[in-house]
Amino acid sequence: MNIRLARVDDMMGMQATNLQNLPENYVMKFWMYHAMTWPQISFVAEDHKGRIVGYVLAKMCEESQESGEEVHGHVNSISVLRSYRRLGLAKKLMLLSQEAMASVYKASFVSLHVRQSNKAAIGLYRDTLGFEVAQVEKKYYGDGEDALSMRLSLKNS
Ligand code: ACO
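Residues numbered from 1 in each chain as written. Predicted model: local features only at pLDDT ≥ 70, side-chain atom pairs only at ≥ 80, totals over all residues. Heavy atoms only, no water.

Undergrad: In this structure, what is going on with the packing of helix α3 (residues 89-105) against helix α4 (residues 119-128)? I would like to understand it.
TA: The relative placement of two packed helices comes down to the angle between their axes together with the axis-to-axis distance. Relative orientation of the contacting elements α3 and α4 amounts to 55°, with a least axis distance of 11 Å. Taken as axis vectors, α3 and α4 run oblique relative to one another. The two elements α3 and α4 meet at a crossing, and its hand is right-handed. Between α3 and α4, the residues in contact are Ala90, Lys91 and Met94 and Leu124, Tyr125 and Thr128, respectively. Taken together, the residues of the contact of α3 with α4 sort by class into four nonpolar, one polar and one charged. (Axes fitted to C-alpha atoms, helices over the stretch in contact; angles between N-to-C directions. Helix = DSSP H or I, 4+ residues; strand = E, 2+ residues; numbered from the N terminus. Parallel < 35°, antiparallel > 145°, perpendicular 65-115°, else oblique. Left-handed = near helix turned anticlockwise from the far one by under 90°. Contact = heavy atoms within 4.5 Å. Nonpolar A, V, L, I, M, F, W, Y, C, P; charged D, E, K, R; others polar.)

Have a look at this one:
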């Protein structure tokens, strides 16, 4: 398995992986916008034939005086095809993205939303990577499920 930076020509493969894995799906313009605006922080895992089996899609959020928030990264979406799970791919994808957010953009933290029922992803974020729950966002998802808004400080990375 090879893990590398995502390129614009990976976006179709990333979108296909996303469609198989998650109910939160995005139009191609959204994928392209991320790849072209923040080309250093999204990564893919590919098999020996170059097929995308996992990805992390991330963006940067500017400093905001209104909310008082510092520059930070945000993970929009991460997923790994079912037959490639529990191999450590998601952990590696997240760590690469986090390192790039800190080194390229001087991000002070990384944020994400996750369904409160998503045990696998919460295990990855909280137990493996050290994220903490910042708040619960009620009815965040289209079907009415609450989201955990999670954060990890990047200040010592
Ligand atoms: N149950 C409990 N803990 C889990 C599970 C699980 N099924 N899967 C992973 N973890 C935790 C464990 O702590 C694991 O460490 P361990 O294997 O040493 O015990 C750790 O996460 C790292 O696991 P990885 O092998 O790196 O994770 P994987 O490559 O399997 O991908 C992912 C995890 C991305 C959550 C995968 O299950 C998936 O694609 N799920 C469907 C899509 C999804 O839910 N994506 C996240 C939505 S939220 C968002 O995108 C911001």
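Undergrad: Honestly, the pattern of salt bridges in this entry has me stumped. Any pointers?
TA: Two side chains that carry opposite charge are able to pair once their charged atoms sit near each other. The tally for this structure, following the rule as stated, stands at 10 salt bridges. Here Asp127 makes a salt bridge to Arg126, at a shortest N to O gap of 2.9 Å. The structure contains a network of salt bridges with shared partners spanning Glu24, Arg115, Asp143 and Glu145. (Salt bridge = Lys/Arg side-chain N within 4 Å of Asp/Glu carboxyl O.)

Undergrad: Quick question: what am I supposed to make of the nonpolar core here?
TA: Soluble, globular proteins show a tendency: their nonpolar side chains are buried together. Counting residues in hydrophobic clusters, the biggest one holds 33 residues, and the most contacted among them are Met94, Met101, Tyr125 and Phe131. Taken together, the elements giving at least two residues each to this core come down to β2 (43-46), β3 (52-61), β4 (72-80), α3, β5 (109-115), α4 and β7 (147-153). Met94 has contacts with Val56, Val75, Ile78, Leu112, Leu124, Tyr125, Leu129 and Phe131, leaving out every residue within four places of it along the chain. Counting nine residues, the second largest nonpolar core, distinct from the first, contains Met14, Ala35, Val44 and Tyr55. (Core = buried A, V, L, I, M, F, W, Y, C linked by side-chain atoms within 4.5 Å. Buried < 20%, exposed > 50% of the residue type's maximum accessible area, 1.4 Å probe, protein only.)

Undergrad: What is the right way to look at the sheet that holds strand β6 (residues 132-137) in this model?
TA: Within a sheet, each strand pairs with its neighbour through backbone hydrogen bonds, oriented either parallel or antiparallel. If you trace the seven strands from one edge of the open sheet to the other, you get β1-β2-β3-β4-β5-β7-β6, paired in mixed fashion. Either end of the sheet is taken by a strand with one partner, and the two such strands are β1 (2-5) and β6. For this sheet the average axis-to-axis angle between neighbouring strands, irrespective of direction, equals 25°. Here β1 runs beside β2; their pairing, made up of four bridges, is antiparallel. Each bridged residue has a counterpart across the sheet, and for Asn2 the counterpart in β2 is Glu46. Along the sheet, helix α1 (residues 11-21) contacts β2, β3 and β4; its crossing angle with β3, the most-contacted strand, is approximately 100°. In this fold α4 packs onto β4, β5 and β7, with an angle of close to 160° to the strand it touches most, β5. (Pairing = 2+ DSSP bridges.)

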